[in-house]
Amino acid sequence: MSIQLIGTLLRLLVKERLIYRGDFLLGIIAQLISYAGEYVVLWIFISKFQALAGWTWPEIALLYSFGLFTYALGASVSFVQMQSLEGQVQAGTLDALLVKPLNPYLYHISRGFNLAYIAHLLISGSVLLWALSVLEVSWSWWSVLYVALAVIGGALIQAGLMSAIGASAFVWVRTGFLFQLFFRLKEFISYPLPIFGSFIQILLTFVVPFAFVNYYPAAYLLGKDSLLLPAWGMWLVPAVGPLVYWLGYVVWMRGVNKYQGAGG
């Protein structure tokens, strides 16, 4: 499946979404208001304590925005697509995808690209830039490159995890409980990792690597304690994203290759 074909599918999808522009814009406004409310609630909570595990409000705003921004990037090509697999497997409509002379994974994610995440990107990107501007970060071309790679890596981690969850539909059919678990675990990274016990820290670092989405990149930029990673290991943080995404892709492709149809 060529990049040109993926681009064509995305352009057609954008045209389809913009047919009802009023509905599209209202959806974006509603999302902006919703996430603005979450930032306000988080600010009120932090203001009561001045700092949380040594992290001030701008630092936690950076942490939260990193998580939301990378989620929007990763989920735009994975969440709706992978969540819909359960229904497609049950109804047998997934079979139509498998007879096309295309890479089934790439075709599936490209035809379900979600423009609604524009709202997430707008508000989280704005707060992210604000936080980076007010915090004392030693900027260099290395740190700029690190931020860019960390954003890409964080998006790939979340897309890879959701791809692996989606692949479970080929075996178990039901995947809703796994997506619920995904979002429950993702809530932990809205706050600094040191406030949690050792079990959660190990879980989010070595088992479900959500800590690499935002905590370790933010800790590196701000000179914070890297907890379970050595100082040199912070440079390996951006590499976790491509690895997790590749594993998610491998799991998905193996699952679809063993899929035997709605009656299988």
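Residues numbered from 1 in each chain as written. Predicted model: local features only at pLDDT ≥ 70, side-chain atom pairs only at ≥ 80, totals over all residues. Heavy atoms only, no water.

**Q** Just checking my understanding: could you explain the nonpolar core for this structure?
**A** Soluble globular proteins tend to pack their nonpolar side chains together in the buried interior. In terms of nonpolar packing, the biggest core is built from 78 residues, with L62, F66, F170, L204, F210, Y216 and W252 touching the most fellow members. For this core, the element with the most residues is helix 3 (residues 57-75), which contributes twelve residues. When near neighbours in sequence (up to four residues on either side) are disregarded, W252 contacts M82, L85, P104, Y105, H108, S163, G166, A167 and F170. (Core = buried A, V, L, I, M, F, W, Y, C linked by side-chain atoms within 4.5 Å. Buried < 20%, exposed > 50% of the residue type's maximum accessible area, 1.4 Å probe, protein only. Helix = DSSP H or I, 4+ residues; strand = E, 2+ residues; numbered from the N terminus. Contact = heavy atoms within 4.5 Å.)

**Q** Is there a simple way to think about the packing of aromatic side chains in this case?
**A** How two aromatic rings sit relative to each other is set out by the distance from centre to centre and by the angle between their planes. Per the stated rule, a full pass over the model turns up 23 aromatic pairs. Both rings, one in F182 and one in F183, keep their centres 5.1 Å apart while their planes meet at 90 degrees; by these two values the pair is edge-to-face. You can call F182 buried: its relative accessible area is 4%. Taken together, the aromatic side chains of Y71, F79, Y117, F179, F182, F183 and F210 make up a single cluster linked through ring pairs. (Phe/Tyr/Trp six-rings, centres within 6.5 Å; stacked < 30°, edge-to-face > 60°.)

**Q** Please explain unusual backbone geometry as it appears in this structure.
**A** Leaving glycine out, the prevailing phi sign among residues is negative, and the prevailing peptide bond configuration is trans. The phi torsion at Q50 lies on the positive side, around 70 degrees, for a residue other than glycine. Within the element layout of this structure, Q50 appears in the loop between helix 2 (21-47) and helix 3. Unlike most non-glycine residues, A53 shows phi in positive territory, near 55 degrees. Here A53 lies in the loop between helix 2 and helix 3.

**Q** Could you clarify how one ought to interpret the pattern of salt bridges in this entry?
**A** In the structure shown here, the tally under the stated rule is three salt bridges. For K224, the salt bridge identified is with E59, shortest N-O distance 3.2 Å. In this pair, K224 is assigned in the loop between helix 13 (215-222) and helix 14 (237-258) and E59 in helix 3, connecting sequence segments 165 residues apart. As a salt-bridge pair, R184 and E187 come within 3.7 Å of each other at their nearest N and O atoms. (Salt bridge = Lys/Arg side-chain N within 4 Å of Asp/Glu carboxyl O.)

**Q** What's the story with the packing of helix 3 against helix 13 in this structure? I'm lost.
**A** Helix packing geometry: the angle between the two helix axes and the distance between the axes. Contact pair helix 3 / helix 13: the axes reach a minimum separation of 9 Å and the direction vectors enclose 145 degrees. For helix 3 against helix 13, the interelement crossing comes out right-handed. Together, E59, L62, L63 and F66 of helix 3 and Y215, P217, A218, L221 and L222 of helix 13 make up the contact between the two elements. (Axes fitted to C-alpha atoms, helices over the stretch in contact; angles between N-to-C directions. Left-handed = near helix turned anticlockwise from the far one by under 90°.)

**Q** Hey, could you run me through the environment of L204 in this one?
**A** Locating L204 in the fold gives a position in helix 12 (residues 198-207). Owing to a relative accessible area of 0%, L204 belongs among the buried residues under this scheme. The sequence separation of L204 and F188 amounts to 16 residues, and the corresponding C-alpha distance is 8.6 Å. Not counting chain neighbours up to four residues away, the residues in contact with L204 comprise L185, F188, I189, L193, P209, F210 and A211.

Purely geometric numbers; function is a separate question.
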